[in-house]
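So the chains spell out like this:
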Amino acid sequence: MRKTNSDKILFAILFITLAIVVLSQIGLLFPKTRSVLTNVEDFEGKKIEENLTEGEKIVLSVCDGNVSEGLEIYVNGEKYSDFNENEKEVYINQTAVVEVLSNNDDEFCFVEIKSISDKLYDTTKVGKVRIDKGFNMIGRFVK
């Protein structure tokens, strides 16, 4: 079988393409050539921005009454933290319902939303909420 001129050209293109692929794969093994061939390494395994995981902030405040040991903050039905300070920051990443659970039978207090991040919208706008025994909804927040 005789090779024509076009067969030789196609064979040369195939050989050059395979050589480039093999050499570039070998080049990715070394950091200096990897930085020339790709920029993926800059982002691999590093946090790009910390507040991507924190979310948006809501500050809850106890305004009338004392903070007792029986108050807990719940976000979307899951316990977020204990309400053990007069002001507590709550970070949410998505649309969320924020509630306060009180385990006290005869004590009550009032909780209000002191501040909300600019990217959040409070759909309930209830103001001060009286916290009695059980779950008490503070608000529903949409991002």
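Up top is the structure.
From a predicted model like this one, the values you see are computed outputs, not experimental measurements.

Peer 1: Break down the nonpolar core for me, citing the residues and quoting the values.
Peer 2: Core analysis: the largest hydrophobic core is formed by 20 residues, its most contacted members being Leu60 and Ile138. At the level of elements, β1 (56-64), β2 (71-75), β4 (87-92), β5 (96-102), β6 (109-116), β8 (129-131) and β9 (134-142) are the ones that each hand at least two residues to this core. Residues in contact with Leu60, not counting those within four places in the same chain, are Ile73, Phe83, Asn86, Glu87, Lys88, Val90, Val98, Val111, Glu112, Ile113 and Ile138.

Peer 1: How would you summarise the sheet that holds β6 if you had to cite specific residues and measurements?
Peer 2: Taken in spatial order, the four strands line up as β4-β1-β6-β8 in an open sheet, and their pairing is antiparallel. Only two strands of the sheet have a single partner each, and these edge strands are β4 and β8. Ignoring which end each strand starts from, the neighbouring axes of this sheet average 35 degrees apart.

Peer 1: Before we move on, could you go through the sheet that holds strand β3 (residues 78-82) and cite the residues and values that matter?
Peer 2: Overall, antiparallel pairing links the five strands, which are arranged β3-β2-β5-β9-β7 in an open sheet. Edge positions in the open sheet fall to β3 and β7 (121-122), since each of these has one partner strand only.

Parameters at a glance
Here the residue numbers are simple positions, counted from 1 along each chain's written sequence. Local features in a predicted model are, by the rule used here, given only for residues with pLDDT of at least 70; side-chain atom pairs are given and counted only at 80 or more, and totals for whole chains, interfaces and linings are based on all residues. Only hydrogens and water are set aside when side-chain values are computed; all heavy atoms of the structure are taken into account. Buried residues of nine kinds, namely Ala, Val, Leu, Ile, Met, Phe, Trp, Tyr and Cys, make up a nonpolar core once their side-chain atoms join them within 4.5 Å. Each residue is assigned to one of three classes by its accessible area relative to the maximum for its type, calculated with a 1.4 Å probe on protein chains only: buried under 20%, partly exposed between the two thresholds, exposed over 50%. Counting from the N terminus, the helices are DSSP H or I runs at least four residues long and the strands are E runs at least two residues long. Contact criterion: two residues are considered in contact whenever any of their non-hydrogen atoms come within 4.5 Å of each other. Strand pairing is assigned whenever DSSP identifies at least 2 bridges connecting the two strands. Lines fitted to the C-alpha atoms define the axes, with helices restricted to the stretch that makes contact. Angles between their N-to-C directions range from 0 to 180 degrees.

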